[in-house]
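# Tertiary structure, described
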Amino acid sequence: MAMPEGWLTQLPAPAGTLEPVQRRGRLALSEDSFPSRRQESWRLTDLRRLEALFQLSLADQRPHHFSADSWPSVPQQSLRLVIDGSQDPLQGVILPAGISLLEGAELQQALGHTLSRCRCASDWPVELNHGVSQQILALRIRGKVPPVELVMVAADAMLVPTRVLLLVEEKAELDCLQVLSAKGQAAHSHLLEIHLGQESKMNHGLLALGDGQEALLANLAVEQESRSHYSLVSVSQGWSFGRLEPSLVQVDGQASASIHGLSITAADEQFAVHTAMRFEGPEGTLDQVQKTIAADHSHSIFNGAIQVPRPAQRTNASQLSRSLLLSGRARVDAKPELEIVADDVRCTHGATVSQLQEDQLFYLRSRGITQSSAAALLLRGYFQDVLDRLPLDGSQRWLGGNLQMGGMTS
Amino acid sequence: MIRPDAEPLLEITDLHASVEGKPILNGVNLQVKAGEIHAVMGRNGSGKSTLSKVLAGHPAYRVTSGSVRYLGRDLLDLEPEERSRLGVFLGFQYPIEIPGVSNLEFLRVSTNARREKQGKEEFDTFDFDDHVRDRLQVVQMDPAFLERSVNEGFSGGEKKRNEILQMALLDPVVAILDETDSGLDIDALRIVAGGVNQLASPDNCTLLITHYQRLLDEITPDYVHVMGAGRILRTGGRDLALELEKTGYDWVDQLLAAEGVS
Ligand SMILES: Nc1ncnc2c1ncn2[C@@H]1O[C@H](COP(=O)(O)OP(=O)(O)OP(=O)(O)O)[C@@H](O)[C@H]1O
Ligand SMILES: [Mg+2]
C-alpha cells in the first residue's frame, strides 16, 4: 500500500481555479497504481523515498518558515516572484510592461494543453501535482520583457506544490531563472508548462538546491512552435530524492532547443533526470549535454529519450551524457532512448563515465596544489561551463560562482 | 658549474622503487650540488622517467629502499605539493591536459603556493598578470596560451614550452627536465635551452633527461650519467655524451650481461 489510506480524503476540498484539475488528479491517484519498479521509468527508483512524501504535511494556508536573508539581491530591472505554495506570489507586485496575468477562459484554455502535447499529463508526478496544487501562476509574455526570477521555497517538512504556466507569445523573448530551494526535510512538487510561440526565445535556468534531506519532483513541459529557441540549463544538488523531468515537443519542426544539465549527488542521495524530446515536424534541432557528479554511495540516473517520427525529416540532434564518479561506491545509470523513424536525420549520442584522473591530480600536486584543491579544480573544470550558462547571472548571484564540494573528494 | 665547496642540494642513495609490484629502480646513486647541471641519458625503458616521478612524489611509484635527501631533509617523506613548494620541479615528459581549468589560474595558484613557502608576497590577479607576461619572454610564448585550458590541445612543442614557463614561475632549487627537448623544432629547442640556461644559477641545479646531443650543445652539462636497468651505470663529463653518439648503447648490454643482469 503505497499511498496511506485516507491520504486523499484529508486533502482540502477541491476549490478555486484549479478545482477541475484537482478532481482529475485525485481520481487518477486513487485509480492508477502507484509507480512500480516494473515500469521502465521507475525501474531504478528507490520507491520508499517516493512513499515518504505522503508523510509530509501539505502546504496550504499555513505559511512555512523560510528566511530570505541569505538570498542575493535581484539584478536591476528584473522581476522576482516568490512562490511558497500558500501566499499569492503577485501580492504587492507590479508587473512590468509585456508581462500580464493569464486568467479566466484564456487560462482554462491554456491549462494542460502543453502537458498533453508533451504526452506527460498522466505521469504519476504530474497527477500528484494536479491533485494537490492549490494555485497557479500563469503569465503571458509579450515582446522583449525584463528578466524574471522565480524563487520557490519549501521548508518545515512540508510538501509544497507549485504550478506555473508561461505563455510566451510570437516573437517574445524571456530570460527566466527558477530557483527551487528546500530545507528542513521538505519536498517540492513542481509543474511548469511553457508554450513558445513562433520565433520566440527563452533562456531558462533551473537551479535546484536541496539541503541533503529534501525531495524534489519537478516536471517541465515545453511546447515549441516553429522558429522558436529554447534553452534549458539545470543545476541540481543536495536532494535526498529527486526526479527532474523536462519534456519538450517541437510541434511543427524548425525550432531549436538546447539542454545543459548538471546533477550532483553525495551521501546516499538519489537523483534522476528524465528528459524527453519529441520532434513532430522537419528541421528541428537539439543540442544536449547532461553531466553528473556522483560522490559517496549516491546514485545518479539519466534517461534521455529522443523521438523522431516520420514527419521530422532533417532533424539534427545530439545528446551527450558525461558522468564523473568520485567514489567506488557511487552509481551512475545513464541511458539514451532513441526512437528514430524518419530516415534523413542526424542524431548522435554518447555516454562517458570517468573518475578523477590520477595523472591530472598528480600534475597539479607537482605544482604545489594540495590534493583537495587539485580535486576541487578538476571538478570545477568539469562543471563550470554549465554554471556559466545559467541566465540572470545565477551562478555568481546564488552560488558565488562555484559549487560547494566540501568533503566530496576527500 | 662545478664548485668543490658547493652545497649538495640532492643526494640520492641506493634508491629502489617499484610500480605495481614490479621493481624499476634498482639502486640509483646520485649527488647534485648547487650550480651543477647533470644530464641523464639511457635507453628507452631504463628508468629515467621513473626516477623523475619518484623524486616528484608520484603516488603510483613505491620506494622500497634507499633515501633521498633534499636540502638536508628527507624528500621521500614529503607530499608532492610540499616538494614543489620547497623548490623541486619536474618538467614532464608528457605534460597532462586538464580541460576546463584555465592555464592562467593554474599558473597563478601554483606560483603563489611556492611564493608563500619562500616567504614572498603572493600575487593578486593583476600583479600576477604582469609577472606572467614578463616570464613568458623566457620561452617566447604567446600570451594567448594563458587563456586556454591547461595544455588542452597544445601541440607537443607548446606543451614543453608551457613546462619551462612553469619552471620560470616556480623558481626551483632542483629542476628535473624529462625530455623537454623532444618534440621541439630547431628554433624552439634553442629558445627553450636559452630559457633553461637563463634560469640556471649558482644556487640551483638542473637534471636534464635527454636522448640527444643537440640539447647538450645548447646546455653544457657538468656531468653525464647513463642509466640502465634502473640504476646509473656510468658517469662522465660532457665527452661521455659525444662518445654515446658514436658507440650507442651496446656496451650497456655487455656490461649488464657480465653482471648477470639481463
Ligand atoms: N606505471 C607503470 N606501470 C607499469 N610499468 C611502468 C610504469 N611506469 C614505468 N613502467 C615501466 O618501467 C620501465 C621504465 O620506464 P621509464 O618511463 O622510467 O623509462 P624511461 O627511461 O623514461 O624511457 P624513455 O626513454 O622511453 O622515456 C619501463 O619498462 C616501463 O614500462
Ligand atoms: Mg621517459
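Everything here concerns the structure above.
Presented here is a report on the structure given in the accompanying data block. Nothing here was measured: the structure is a model prediction, and the numbers come from that model. (Residues numbered from 1 in each chain as written. Chains lettered and ligands numbered in written order. Predicted model: local features only at pLDDT ≥ 70, side-chain atom pairs only at ≥ 80, totals over all residues. Heavy atoms only, no water.)

Next up on the list: the overall build of chain B. Per the secondary structure count, chain B includes nine helices and twelve strands. Taking 2.2 N^0.38 as the reference for a compact globule, 262 residues should give roughly 18 Å; the C-alpha atoms of chain B span a radius of gyration of 18 Å, in line with that estimate. Based on the C-alpha atoms only, the size of chain B along its principal axes is roughly 60 × 40 × 40 Å. For chain B, the exposed area adds up to about 11500 Å²; of that, 46% sits on carbon and sulfur atoms. (Helix = DSSP H or I, 4+ residues; strand = E, 2+ residues; numbered from the N terminus. Rg over C-alpha atoms; globule rule 2.2 N^0.38 Å. Areas by Shrake-Rupley, 256 points an atom, 1.4 Å probe, with all protein chains shown as cover.)

The subject of this paragraph is the overall build of chain A. A count of helices and strands for chain A gives eight helices and 17 strands. At 21 Å, chain A has a C-alpha radius of gyration in line with the 22 Å of a compact globule built from 410 residues. Considered along the principal axes of its C-alpha atoms, chain A spans approximately 65 × 50 × 50 Å. Contacts in chain A between residues far apart in sequence, at least 24 positions, make up 85% of those at least 6 positions apart. Surface accessibility of chain A: about 16200 Å² in total, with carbon and sulfur atoms responsible for 46%. For chain A, the centre of its 35 positive side-chain charges and the centre of its 45 negative side-chain charges are spaced 4 Å apart. (Contact = heavy atoms within 4.5 Å. Lys, Arg positive; Asp, Glu negative; His and termini not counted. Charge placed at Lys NZ, Arg CZ, Asp CG, Glu CD.)

Bringing the sheet that holds strand 4 (residues 61-70) of chain B into the picture now. Within a sheet, neighbouring strands are paired by backbone hydrogen bonds and run either parallel or antiparallel to one another. Residues and elements named next belong to chain B. The strand order across the open sheet built from four strands is 2-1-4-5, with neighbouring strands paired in antiparallel fashion. The sheet is open, and its two borders are formed by strand 2 (22-33) and strand 5 (73-74), each paired with just one other strand. Two strands pair when backbone bridges link them, and strand 1 (residues 8-19) and strand 2 are joined in this way by nine bridges, in the antiparallel orientation. By the bridge assignment for strand 2, Val19 is matched with Lys22. Here helix 1 (residues 48-56) sits on the sheet in contact with strand 1, strand 2 and strand 4, set at roughly 110° to strand 1. (Pairing = 2+ DSSP bridges. Axes fitted to C-alpha atoms, helices over the stretch in contact; angles between N-to-C directions.)

A contiguous patch of negative charge, built from B:Glu116, B:Glu121, B:Glu122, B:Asp124, B:Asp127 and B:Asp130, is present on the exposed surface. Within the fold, B:Asp124 resides in the loop between helix 3 (103-117) and helix 4 (125-139). (Patch = residues over 30% accessible without salt bridge, like charges linked within 9 Å, V, L, I, M, F, W, Y side chains within 5 Å. Salt bridge = Lys/Arg side-chain N within 4 Å of Asp/Glu carboxyl O.)

Attention now goes to the coordination of the magnesium ion (ligand 2). Protein-derived ligands of the magnesium ion (ligand 2) are B:Ser49 (OG) and B:Gln93 (OE1), with the metal-ligand distances lying across 2.0 to 2.1 Å. Of this pair, B:Ser49 sits in helix 1 while B:Gln93 sits in the loop between strand 6 (88-91) and strand 7 (98-102), and the two are 44 residues apart along the sequence. (Donors = N, O, S within 2.8 Å, 3.2 Å for Na, K, Ca; no water.)

Moving on, we get to the interface of chain A and chain B. Quoted interface sizes are often the accessible area lost when the parts come together. Opposite the 17 residues of chain A that make contact, chain B presents 32 residues. Interface area, chain A with chain B, both sides summed: about 2000 Å², of which 63% is carbon and sulfur. It is A:Phe362, A:Tyr363 and A:Arg367 in chain A that bury the most area against chain B; as a group they hold 39% of the surface buried on that side. Along the contact surface separating chain A from chain B lie four salt bridges. For B:Glu105, the salt bridge is made with A:Arg380, and the minimal N-O distance between the two is 3.5 Å. At the boundary of chain A and chain B, one finds 15 residue pairs in polar contact (both at pLDDT 80 or more). (Buried area = accessible area lost by both parts, 1.4 Å probe. Polar contact = N/O pair within 3.5 Å; in protein donor to acceptor, adjacent residues only side chain to side chain.)

This part covers the site of ligand 1. All names here are of chain B. By nearness alone, 15 residues border ligand 1, and Gly45, Lys48, Ser49, Thr50 and His211 come closest of all. Contacts to ligand 1 include Ser46, whose backbone N or O atom sits 3.2 Å from an oxygen atom. At a separation of 3.1 Å, an oxygen atom of ligand 1 approaches a polar side-chain atom of Gln93. No other element matches helix 1, which puts three residues into the shell around ligand 1. Class assignment of the residues belonging to the shell around ligand 1 gives a composition of three nonpolar, eight polar and four charged. (Near = heavy atom within 4 Å. Nonpolar A, V, L, I, M, F, W, Y, C, P; charged D, E, K, R; others polar.)

A word on unusual backbone geometry. In this structure, A:Glu199 takes a positive phi of about 60° despite not being glycine. By the secondary structure assignment, A:Glu199 is in the loop between strand 8 (187-196) and strand 9 (201-224). The exposure class assigned to A:Glu199 is partly exposed, which follows from its relative accessible area of 35%. Even without being a glycine, B:Glu20 presents a positive backbone phi close to 45°. (Buried < 20%, exposed > 50% of the residue type's maximum accessible area, 1.4 Å probe, protein only.)

Another aspect to go through is the environment of A:Gln270. All names here are of chain A. You can see Gln270 is positioned in strand 12 (residues 270-279). With 27 residues separating them in the primary sequence, Gln270 and His297 have C-alpha atoms 9.4 Å apart. Residues in contact with Gln270, not counting those within four places in the same chain, are Leu44, Thr45, Asp46, Arg49, Trp239, Ser240, Phe241, Gly242, His299 and Ile301. One polar contact links Gln270 to His299, side chain to side chain, over a distance of 3.2 Å.

Moving on, we come to helix 5 (residues 156-170) of chain B. A rise of 1.5 Å per residue sets the reference length of helix 5 of chain B, with its 15 residues, at 21 Å; its end C-alpha atoms lie 21 Å apart and thus fit the reference within 8%. By the criterion of burial, helix 5 of chain B is predominantly enclosed, with 13 of the 15 residues buried. (Expected span 1.5 Å × (residues − 1).)

Bear in mind that shape data such as this cannot, by itself, settle questions of function.
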